[in-house]
Amino acid sequence: MEYKRFGSTVVVRIDRGEEIIEQLRRVALSENIKLAQISALGATDLFTVGVYDPVIGEYTTNEFSGEPFEIVSLTGTVNTMLGDFYCHLHMSAGDKSGRVFGGHLSRAVISATCEMIINIIDGCVDRARDPETGLNLFDFI
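Some points on the layout of surface pockets
And step 1. Taken as a whole, the largest pocket holds about 210 Å³ of empty space.
And step 2. Elements supplying a minimum of two residues to the lining of the largest pocket: β5 (84–94), β7 (126–129) and β8 (136–139).
And step 3. Partitioned by chemical class, the residues of the lining of the largest pocket number 5 nonpolar, 5 polar and 2 charged.

As C-alpha cells, this is what we get:
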C-alpha cells in the first residue's frame, strides 16, 4: 500500500494480497484521521459482505471467492468509537457475468489493485451502541 496526502484528501493505492480495512486503518492512524468519507474501486477475489436484520439484531454474511470480481462501488465513513478507529463500509462487486453482490463490508482482499480516495472532514464524530437497533450509530457529543 502506498498513499499521498493532498490537503484534506488522501489518495491510496492498495496492492495485491492486501486487505482493504487493514490498510484503511493503517492510513487513518498514521494520518490521525478522526472523520472522513471513503470511496474506492478495484479488484478482489475474496470478500465478505453482510446484510443487517434489525429484527434479530444480526448480520447475515456472504463470502465470495475463487473468481475475479470488480469492485464497482465501495463507500463509507471513517470515524471513532470510544475514541478508537472505526469504519463503516459498504461494497458492491461484480463477477464476469455481470452479476453484482454487495452489502456491509467485513473483509476484502485485493487481487490486482484498489484505488481509494479519503476525504477528510475537519471534526470528530464518535459512535455509540444503540440498544434499540443493536447498531453502532453516530454519536454527536
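Text resumes after the structure shown.
Thoughts on the pairing of strand β4 (residues 58–81)
And step 1. Note that strand β3 (residues 36–53) and β4 share 16 bridges and pair antiparallel. Pairing of V51 across the sheet is with T60, part of β4.
And step 2. Taking the residues that link successive antiparallel strands as the turn, the β3-β4 hairpin has 4 residues, and the phi of G57 there is positive, at about 70°.
And step 3. Relative to β5, β4 runs antiparallel, the two sharing 11 bridges. When the bridges of β5 are listed, T80 appears paired with F85.
And step 4. Here β4 folds back onto β5 in antiparallel fashion, the turn holding 2 residues, of which L82 has a positive phi close to 55°.

Topic: helix α1 (residues 20–30)
And step 1. Inspection of α1 places I20, I21, Q23, L24, V27 and A28 among the buried residues, and these make up the whole buried set. For α1, the angular spread of the buried residues around the axis is 160°, confining them to a single face. For α1, the exposed residues set more than 90 degrees away from the buried face come down to L29 and S30.
And step 2. Among the structural elements, β1 (2–6), β2 (9–15), β3, β4, β5 and β6 (100–120) are those in contact with the buried residues of α1.
And step 3. With its phi angle positive at about 55°, N32 sits one or two positions after the end of α1.

Side note on the nonpolar core
And step 1. Counting 32 residues, the largest nonpolar core has I20 and I118 as the members making the most contacts within it.
And step 2. Counting residues per element, the ones that place at least two in this core are β2, α1, β3, β4, β5 and β6.
And step 3. Counting residues per element, this core draws most heavily on β6, at 7 residues.

Calculation rules
Residues numbered from 1 in each chain as written. Predicted model: local features only at pLDDT ≥ 70, side-chain atom pairs only at ≥ 80, totals over all residues. Heavy atoms only, no water. 1 Å grid on protein atoms, 1.4 Å probe; cavity = no way out; pocket = protein on both sides within 12 Å on 5 of 7 lines; lining within 4 Å. Points joined across faces, edges and corners; volume = space filled by probe spheres on them. Helix = DSSP H or I, 4+ residues; strand = E, 2+ residues; numbered from the N terminus. Nonpolar A, V, L, I, M, F, W, Y, C, P; charged D, E, K, R; others polar. Pairing = 2+ DSSP bridges. Buried < 20%, exposed > 50% of the residue type's maximum accessible area, 1.4 Å probe, protein only. Arc of directions from axis to C-beta. Contact = heavy atoms within 4.5 Å. Core = buried A, V, L, I, M, F, W, Y, C linked by side-chain atoms within 4.5 Å.

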